[in-house]
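# Results of the structural survey
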Amino acid sequence: MNDIIHQLGEAAAYGGVGLVLLLLGVGLVDVLTPGKLGRQIWVERNRNAAVVLSSALLAIGGIVFTAIISTYQEFGKGLAAAGVFGLLGLVLLAVSFWAIDLFTPGKLGAVLVDPEPHPAVWVTASTNLAVAAIVSAAIY
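Residues numbered from 1 in each chain as written. Predicted model: local features only at pLDDT ≥ 70, side-chain atom pairs only at ≥ 80, totals over all residues. Heavy atoms only, no water.

Worth spelling out the cut-off: UniProt positions are given in the numbering used here, feature names are shortened, and annotations may be inferred rather than shown by experiment.
As annotated in an unreviewed UniProt entry, the protein carries the name DUF350 domain-containing protein and is attributed to Kitasatospora terrestris. Quoted straight from UniProt, the Subcellular location (unreviewed entry) entry for the protein says "Cell membrane". Per UniProt, the protein carries the Sequence similarities (unreviewed entry) text "Belongs to the UPF0719 family."

Below, the structure written as structure tokens:
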């Protein structure tokens, strides 16, 4: 029974780190795109914004998942690794956003929250998932 309680505590700690990183991911996408992201998705039903945010959340979740299952047996190191690799993922998502914005016409943030469907949304979402795959592979 003590093992279950101990593992429950560790799972809660990993879950807490993961939730913080996911919230940071929401904040990052909100900063990178004009307007209030929550309003655009939940009130205006902006599919472009929803796809970009969803891909960022899947990316961060994938990185944290990989860090948890493949890093240190020691709980403290594993928890730190999940946090550090998750933060690295956030930084790389921002860098990839900046790079796409730099090499494409217009302002990427504005394109991504346009109410009309735009192919740049899929490119950005794919880039988010590719960044997560790269970081996850580096962890593993």
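Picking up where we left off.
## A word on the overall build of the protein
Quick reminder of the rule: Note on conventions: DSSP H or I runs of at least 4 residues are helices, E runs of at least 2 residues are strands, and numbering of each starts at the N terminus. Only protein chains enter the accessibility calculation, which uses a 1.4 Å probe; a residue whose area is less than 20% of its type maximum is buried, one above 50% is exposed, and one in between is partly exposed.
Each helix and strand counted, the protein has six helices and zero strands in total. The N-to-C order of helical and strand elements in the protein reads α-α-α-α-α-α. Across its three principal axes, the protein shows a C-alpha extent of roughly 55 × 30 × 20 Å. Expressed as a percentage of the 140 residues in the protein, the buried residues total 36%.

## Topic: the nonpolar core
Basically, it comes down to this: Buried Ala, Val, Leu, Ile, Met, Phe, Trp, Tyr and Cys residues that are joined via side-chain atoms within 4.5 Å together make up what is termed a nonpolar core. By the convention used here, residues are in contact when the closest approach between their heavy atoms is within 4.5 Å.
Core analysis: the largest hydrophobic core is formed by 30 residues, its most contacted members being V29, L37, I60, L93, L108 and L112. When residues of this core are traced back to their parent elements, those giving at least two are α1 (2-32), α2 (37-43), α3 (47-70), α4 (75-103), α5 (108-112) and α6 (119-139). Per-element tally for this core: the top contributor is α3, with nine residues. If sequence neighbours within four positions are ignored, L108 has contacts with F97, I100, D101, A120 and T124.

## A closer look at the side chain of N46
Definition in use: A 3.5 Å cut-off defines polar contacts: any pair of N or O atoms within that distance qualifies, except that in protein one atom must be a possible hydrogen donor and the other a possible acceptor, and neighbouring residues in sequence count only when both atoms are side-chain atoms.
Among the secondary structure elements, N46 is positioned in the loop between α2 and α3. At 2.9 Å, the side chain of N46 forms a polar contact with the backbone nitrogen of N48. In contact with N46, not counting residues within four places along its chain, are Q40, I41, L112, V113, D114 and P115.

## What to know about the UniProt feature "transmembrane region" (unreviewed entry) in the protein
The positions UniProt marks with the feature "transmembrane region" (unreviewed entry) are residues 12-29, 49-72, 79-100 and 120-139. Helix makes up 100% of residues 12-29 and strand makes up 0%, while its end C-alpha atoms are separated by 26 Å. From the first C-alpha to the last, residues 49-72 spans 36 Å; its make-up is 92% helix and 0% strand.

## Focus on α4
It helps to recall that an α-helix has 3.6 residues per turn; residues three or four apart then point in one direction. What counts here: Multiplying 1.5 Å by the residue count of a helix minus one yields the expected span of that helix.
With 29 residues, α4 extends 42 Å from end C-alpha to end C-alpha; this agrees with the ideal 42 Å at 1.5 Å per step. Where α4 is concerned, the buried positions are G78, A81, A82, G83, G86, G89, L90, L93, S96, F97, I100 and D101. Those residues of α4 that are buried are in contact with α1, α3, α5 and α6.

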